[in-house]
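Each chain is listed here by its residues.
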Amino acid sequence: MPVTWRHPSESSWIVHTVAEEITRAVRGGGPAVVVVRGRGAAFDLAAGAVRATVDPTPHLWAPEAYEAWASAVLGPSAGAPTGHESGGVPDDALLKLLSDLGPEPLLRANRLVSDALRARPHDAAEHQRAALVVASFALREQQGWFYDPRVEAARLAAHLALARSLAPRAEPTRAGVIARIVLETIAVRQRDALARIDAAEALDWDEVGRSWLRALRMENTRDWRLAGPEPTEFETGALVRALRLSVSGIKALHSLGDAPRPITDWGRHILVGHVGEVGTGNALIDRQLALETLEVQAVFPRASGDETLAGHLAAAGDDADVIDGQLWARFLERRLAEYAGVYFLHYRRKLGLGRAELAQPLAQLDARIGPLPLLVFSRFRRAEAQSDLEPLLPELQELLSKQPERVTAGNWWSAREKPGFGGGLASRLPDQSTWFTPPLPPGTAFDVGRRVRRLPTLMSADTATLEAIWELAPHDSDLGWRLARPGKEPATAQALNRYFGAAIEFDSRVRSNLADTFEDEPERYVPFVEKLAEVDSDRWWKLGKYLETRDEVAAARAYEKMWKLGADRVLFSGHSDWLIAYYRRTGRTREALRLAEDAGVVHSARGLDTYAELLEDLNRLDEAAAARRAKAERYGDWGSLIAFLRRTEQSRGGAATKRLVDEAVAHALPQGLERVDISDFSAPPADGVVLKSTSPKAAAAGLDRGSVLVAMNGLRVRNTRALSAIREFVDGPRYRLIAWHAGRYVESELELQGGRLGVDVADYRR
């Protein structure tokens with residue numbers, strides 16, 4: 001879809017934004033027209049009679065790159081700078097104030113520094129304090145689909161550039177030192193940020209200042225072990241993020257213990273990483289909206305008669321504060337859009353609630369938040385039918401065509417590559433590779449983890465290109481994995497040591513993968529994984545799995561430690577089956593039952609399966625049926641209930657069981673068992689099961705990602721729920737499939753284990 005944007009690329013827009021932020025800070029607010037024209041690597045800027053050239057060295061947000069522009073905007077009227085520490089809140093006091101999280105300390109700091117800057121607009125120290133306030137605000141961004149502190153980075157760079165112009169020979173203040181470290185952190189220039197932290201540690205800081213430096217080192221390395229014994233709330237935020245990235249969201253949640261008060265930021269950071277961790281969602285998801293609401297109302301108490309959260313944000317003014325209303329409103333919009341997506345992911349994907357069950361809660365959530373432009377991506381992500389999707393396309397086209405700077409690379413990619421809808425979306429939406437040119441802001445590794453997986457220009461980048469980026473960001477785990485596992489093959493010990501180094505000691509995933517490289521050496525493997533499990537108790541399953549065929553007694557001890565010490569109860573329930581079977585084999589039936597009950601009470605799919613299997617083995621068939629039914633109702637897997645009922649029909653009584661089977665079939669197949677053959681299909685399918693990935697079995701059937709399965713062995717397949725039931729009415733091992741593929745129906749026959757193609761699937765509705 002061809003478009004003409006106001007700025008030709010993200011890089012041009014960033015330069016324009018920093019330049020406008022400088023003019024805004026000098027002129028006390030109000031928009032300034034700045035023309036940006038690229039000239040090689042440099043940019044020519046103009047605002048009326050003011051002219052200057054920006055050379056983005058060492059990177060696109062570097063304050064020194066904009067020093068000439070700042071001097072030109074200041075002009076001769078700036079006079080002599082008033083110098084450092086001339087008034088306002090002292091740096092140490094400001095750092096202490098900003099060590100408390102939540103909107104109230106930030107609002108107070110913003111007011112104090114904004115008033116001081118208005119009184120002394122040519123004071124380099126005040127601009128560095130302003131940069132510190134912006135830096136503190138920017139660090140509240142959490143990683144996720146809506147992670148986007150680019151404007152905050154521009155404002156931070158603007159104040160630091162003005163400070164350099166106003167006091168060119170002065171050493172930076174403490175506020176300036178911290179703000180510059182944060183700027184390098186946002187730009188994901190980890191090597192430079194850490195060098196600056198090393199240099200800063202030579203200064204004489206109080207404990208609050210040292211806490212900031214520890215937190216920023218954690219931000220850049222993910223090494224959660226660096227936290228002090230009594231961390232401030234700000235340092236705890238860095239600890240939470242480091243634990244979530246290096247260990248798990250559950251570990252991050254447990255690190256908070258009995259925190260004296262709930263902090264909105266902590267929940268944001270943990271929930272972004274809760275994928276696969278149902279426990280964090282159960283603990284945080286519902287209370288998080290209440291915390292987000294409190295922040296919105298604290299920052300924007302009046303909603304102009306509209307009490308939705310969007311109504312409060314719409315009341316944001318365009319003031320001249322360091323953090324103005326518009327900046328804060330955009331930040332909160334991103335957070336609410338992220339929350340809406342996480343809410344859907346948790347209840348639909350993790351807890352398995354059906355569309356009908358979620359329809360009302362989602363409608364209530366949308367009504368509570370109100371109309372926010374970025375919310376279209378969250379609604380788009382939860383679309384499960386073409387009819388859900390079509391009404392959203394005009395909004396997406398409008399946003400991507402007119403405001404590309406508001407869209408992250410991850411969200412742009414997800415909109416164009418939405419699976420299961422015929423593959424025609426890419427041609428109907430602008431190409432993200434055209435806007436993100438170059439794919440990273442020059443000199444930075446900004447958002448590289450998501451971009452290396454979402455931007456075609458980085459997805460296809462050669463090793464030399466990625467190595468050059470890694471030199472800037474040697475602690476970025478996504479980039480490290482891309483280099484350590486080219487083509488997704490298993491990482492070698494040499495690659496893991498090169499790209500992760502010290503992280504092997506504190507990063508659970510890295511240590512786990514390194515262990516796999518010497519799994520044929522038990523004398524090394526066992527103590528290595530034991531040390532991993534001592535840090536991350538949920539990893540005891542890995543040692544238990546390894547020992548199952550080597551030493552059953554030791555395997556049982558490892559699994560027992562996970563049972564007693566593990567934080568992620570869903571993970572535990574999914575790995576409880578071996579220990580339950582071991583207890584049963586060794587005559588410890590009571591312990592087996594107690595363990596199975598613990599696994600089942602979590603209500604994970606595997607935990608319910610394991611509990612039901614033990615109950616069936618103990619001939620407690622009514623209880624086994626109840627466990628199977630609980631799984632069917634939560635996850636839509638009526639097939640396992642049907643299989644159980646048919647398997648136990650004789651012992652349970654034929655007529656009674658027949659009624660239960662019919663009831664289960666009615667849930668899974670409201671239209672009954674529909675007999676079809678390929679001649680019954682002509683138009684594109686209205687529903688079915690779409691393949692979201694591929695496999696050798698799928699390829700053997702002539703199917704690929706995006707193919708839609710519509711029938712199995714002559715029975716109509718309308719959704720995943722129907723598929724799980726129909727498998728139980730097919731006598732394998734030969735399966736005959738009918739699918740819509742590449743614009744036509746194809747029929748194939750092949751041998752499948754349990755009727756499974758080995759691919760990820762989802763409901764398809766046109």
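It should be noted that the structure appears before, not after, this text.
What this report covers is the structure whose coordinates are included nearby. Just so we're clear, the structure is a prediction, and the values are computed from it rather than from any experiment.

**Quick look at the overall build of the chain**
Along the backbone of the chain there are 40 helices and 9 strands. Computed over C-alpha atoms, the radius of gyration of the chain comes to 29 Å, within 12% of the 27 Å expected from 2.2 N^0.38 for 766 residues, which places it in the range of a compact globule. In terms of overall dimensions, the chain has C-alpha extents of about 95 × 60 × 55 Å along its principal axes. Here the chain holds 766 residues, and 57% of them are scored as buried.

**Details of the sheet that holds strand 2 (residues 42-47)**
Read across the sheet, 3 strands follow the order 1-2-3 without closing on themselves; strand pairing throughout is antiparallel. The open sheet has two edge strands with one neighbour each: strand 1 (35-39) and strand 3 (50-54). Strand-to-strand twist across the sheet, computed as the mean angle between neighbouring axes with direction ignored, equals 20°. When strand 1 meets strand 2, the two strands line up antiparallel, connected through 5 bridges. Within strand 2, the position partnered with Arg-39 by the bridge is Ala-42. Most of the contacts of helix 1 (residues 10-27) go to strand 2, to which it runs at about 40°, and overall it touches strand 1, strand 2 and strand 3.

**What about the pattern of salt bridges?**
Following the criterion strictly, the structure yields 65 salt bridges and no others. Residues Asp-516 and Lys-542 are paired through a salt bridge, measuring 2.8 Å at the closest nitrogen-oxygen approach. Linking Asp-516 in helix 27 (residues 508-516) with Lys-542 in helix 29 (residues 540-547), this pair joins segments that are 26 residues apart in sequence. A relative accessible area of 32% places Asp-516 in the partly exposed class. What makes Lys-542 buried here is its relative accessible area of 9%. Linking Lys-545 and Glu-548 is a salt bridge whose minimum nitrogen-to-oxygen distance equals 4.0 Å. Using a relative accessible area of 16% as the deciding quantity, one classes Glu-548 as buried.

**Digging into the packing of aromatic side chains**
On inspection of all chains with the given rule, the structure shows 19 aromatic pairs. Ring plane angle 90° and centroid distance 6.0 Å describe the contact between Trp-5 and Trp-412, whose orientation is recorded as edge-to-face. Of this pair, Trp-5 sits in the segment before helix 1 while Trp-412 is found in helix 20 (residues 409-416), placing the two residues 407 residues apart along the sequence. An aromatic cluster of three or more residues is present, and its members are Trp-5, Trp-412, Trp-435 and Phe-436. Positioned over the ring face of Tyr-546 is Arg-550, at 3.8 Å from the centre of the ring.

**Considering the nonpolar core**
Counting residues in each nonpolar core, the largest one holds 241 residues, and the members touching the most others are Ile-22, Trp-69, Leu-156 and Phe-377. Here this core takes 13 residues from helix 15 (residues 325-350), the largest share from any one element. Setting aside its immediate chain neighbours within four residues, Ile-22 contacts Tyr-66, Trp-69, Ala-70, Val-73, Ala-158, Ala-161 and Leu-162. With 10 residues, the next largest nonpolar core counts Phe-681, Val-710, Tyr-745 and Tyr-764 among its residues.

**Let's talk about helix 13 (residues 278-299)**
Along its 22 residues, helix 13 runs 31 Å from first to last C-alpha, staying within 8% of the 32 Å computed at 1.5 Å per residue. Along helix 13, the largest kink reaches about 40° and is centred on Leu-284.

**Quick look at helix 9 (residues 207-221)**
Helix length check: helix 9, at 15 residues, gives a terminal C-alpha distance of 21 Å against a target of 21 Å (1.5 Å per residue), a fit within 8%. Judged by how many residues are buried, helix 9 sits mostly within the fold: 12 of 15 residues are covered. Every buried residue of helix 9 is accounted for by Val-208, Gly-209, Ser-211, Trp-212, Leu-213, Ala-215, Leu-216, Arg-217, Met-218, Glu-219, Asn-220 and Thr-221. Summarising the contacts, the buried residues of helix 9 are in contact with helix 3 (91-97), helix 5 (124-138), helix 7 (174-186), helix 8 (190-200) and helix 10 (233-246). Count one or two residues on from helix 9 and you reach Arg-222, which has phi positive near 65°.

**Side note on the pairing of strand 4 (residues 687-691)**
For strand 4, a buried count of 5 out of 5 residues is recorded, marking the element as mostly surrounded by other parts of the structure. Here 5 bridges tie strand 4 to strand 9 (residues 761-765), and the two strands are oriented antiparallel to one another. Looking at strand 9, one finds that Val-689 is bridged to Asp-763. In this sheet, strand 5 (residues 708-712) lies alongside strand 4 in antiparallel orientation, the contact comprising 2 bridges. Bridging from a neighbouring strand, Val-690 pairs with Val-708 of strand 5.

**Side note on unusual backbone geometry**
Negative phi values dominate among residues other than glycine, just as trans dominates among peptide bonds. Residue Pro-58 is bonded to the preceding Thr-57 through a cis peptide linkage, with omega at 0°. Tracing the backbone shows Pro-58 in the loop between strand 3 and helix 2 (67-74). Note that the residue after Thr-437, namely Pro-438, is joined by a cis bond; omega there is 0°. Residue His-603 is not a glycine yet carries a positive backbone phi of 65°. With respect to the helices and strands, His-603 occurs in the loop between helix 33 (589-601) and helix 34 (605-617). On the basis of relative accessibility, which here comes to 29%, the residue His-603 falls in the partly exposed class.

**Quick word on the pairing of strand 3**
Residue alternation in strand 3 divides its side chains into a buried set, Val-50, Ala-52 and Val-54, and an unburied set, Arg-51 and Thr-53. By the bridge criterion, 5 bridges tie strand 2 to strand 3 in an arrangement that is antiparallel. Bridging across to strand 3, Leu-45 finds its partner in Ala-52. Between strand 2 and strand 3, which pair antiparallel in sequence order, lie 2 residues; one of them, Gly-48, sits at a positive phi of approximately 65°.

**Focus: the packing of helix 12 (residues 264-272) against helix 13**
For the pair helix 12 and helix 13, interaxial distance at closest approach is 9 Å and the crossing angle is 135°. By the angle between their axes, helix 12 is oblique relative to helix 13. Along this stretch, helix 12 crosses helix 13, giving a crossing that reads as left-handed. On the side of helix 12, the interface is formed by Thr-264, Gly-267, Arg-268, Ile-270 and Leu-271, while helix 13 contributes Thr-280, Gly-281, Leu-284, Ile-285, Gln-288, Leu-291, Glu-292 and Glu-295. The class makeup of the residues in the contact of helix 12 with helix 13 is 5 nonpolar, 5 polar and 3 charged.

**Points about the side chain of Gln-190**
Of note, Gln-190 is situated in helix 8. Exposure remark for Gln-190: the relative accessible area of 7% places this residue in the buried category. Those residues in contact with Gln-190 that lie beyond four places of it in its chain are Asn-220, Leu-472, Ala-473, Pro-474, His-475 and Asp-476.

**Some remarks on the environment of Gly-480**
For Gly-480, the location among the structural elements is in helix 25 (residues 477-484). With a relative accessible area of 0%, Gly-480 lands in the buried category. Along the primary structure Gly-480 and Leu-466 are separated by 14 residues, whereas in three dimensions their C-alpha atoms are 9.3 Å apart. Setting aside residues no more than four positions away along its own chain, Gly-480 makes contact with Tyr-499 and Phe-500.

Reading the values: the criteria
- Residues numbered from 1 in each chain as written.
- Predicted model: local features only at pLDDT ≥ 70, side-chain atom pairs only at ≥ 80, totals over all residues.
- Heavy atoms only, no water.
- Helix = DSSP H or I, 4+ residues; strand = E, 2+ residues; numbered from the N terminus.
- Rg over C-alpha atoms; globule rule 2.2 N^0.38 Å.
- Buried < 20%, exposed > 50% of the residue type's maximum accessible area, 1.4 Å probe, protein only.
- Pairing = 2+ DSSP bridges.
- Axes fitted to C-alpha atoms, helices over the stretch in contact; angles between N-to-C directions.
- Contact = heavy atoms within 4.5 Å.
- Salt bridge = Lys/Arg side-chain N within 4 Å of Asp/Glu carboxyl O.
- Phe/Tyr/Trp six-rings, centres within 6.5 Å; stacked < 30°, edge-to-face > 60°.
- Lys NZ or Arg CZ within 6 Å of the ring centre and 35° of its normal.
- Core = buried A, V, L, I, M, F, W, Y, C linked by side-chain atoms within 4.5 Å.
- Expected span 1.5 Å × (residues − 1).
- Bend = angle between axes of the 7 residues up to and from the residue.
- Parallel < 35°, antiparallel > 145°, perpendicular 65-115°, else oblique.
- Left-handed = near helix turned anticlockwise from the far one by under 90°.
- Nonpolar A, V, L, I, M, F, W, Y, C, P; charged D, E, K, R; others polar.

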